[in-house]
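What follows is the residue order along each chain.
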Amino acid sequence: MREQRINEETARLANSIGFGTEDCICGGFPDCICGDDVRITQSLLQKILRDSHGVHVQVLFQNMELQYYFLEISKDDGTCLYDWQKDFNAILEKSHQDIEGDYIDDNLFAKYVFEDGFGYYIYEEALEAGLQKAIRTIKEK
Ligand SMILES: [Zn+2]
């Protein structure tokens, strides 16, 4: 079992704030064949964002009838950098059934959770998205 390396898009973003790749380890002659191996791992980037930027990317698991991972991104001081509650509420809103009472259409809810990029089936997919969101937030400042 190995740790997941960040993908190309994330590496590009990470490079723009000074991180993302490690040194070439193959010598680079005649061409570097390190490929994906120079990209840092997700957990290292997560640590860099935490240690160097005070940004915490957390992947949470929703263990209800519908299981999925979702994101919480915050600053050291507790400031929320990604308003997941707002996205979640929007999905609830869209998933209302047109019947009496306050019922959610479970199928619609499940559809929007994943389609809208709120929830993820796979932990690493959620983390990757969270790392990108976090870097974009850091760059906006
Ligand atoms: Zn190389």
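Figured I'd write up the structure that's included with this text. Note that the structure is predicted; figures quoted are calculated from it, not measured.

Further remarks concern the overall build of the protein chain. Counting its secondary structure elements, the protein chain contains 5 helices and 2 strands. Ordered by position from N to C terminus, the α and β elements of the protein chain give α-α-β-β-α-α-α. A compact globule built from 141 residues should have a C-alpha radius of gyration of about 14 Å, whereas the protein chain, at 18 Å, is more than 25% larger. Taking as baseline every contact in the protein chain between residues at least 6 positions apart, the subset at least 24 positions apart corresponds to 54%.

The subject of this paragraph is the pairing of strand β1 (residues 55–63). Every regular strand shows the same layout, with side chains that alternate between the two sheet faces. Pairing of β1 with strand β2 (residues 67–75) involves 9 bridges; the strand directions are antiparallel. The residue bridging L60 from the neighbouring strand is F70, located in β2. Hairpin connection between β1 and β2: a loop of 3 residues separates the two successive antiparallel strands.

What counts, and at which threshold
Residues numbered from 1 in each chain as written. Predicted model: local features only at pLDDT ≥ 70, side-chain atom pairs only at ≥ 80, totals over all residues. Helix = DSSP H or I, 4+ residues; strand = E, 2+ residues; numbered from the N terminus. Rg over C-alpha atoms; globule rule 2.2 N^0.38 Å. Contact = placed C-beta atoms within 7 Å. Pairing = 2+ DSSP bridges.

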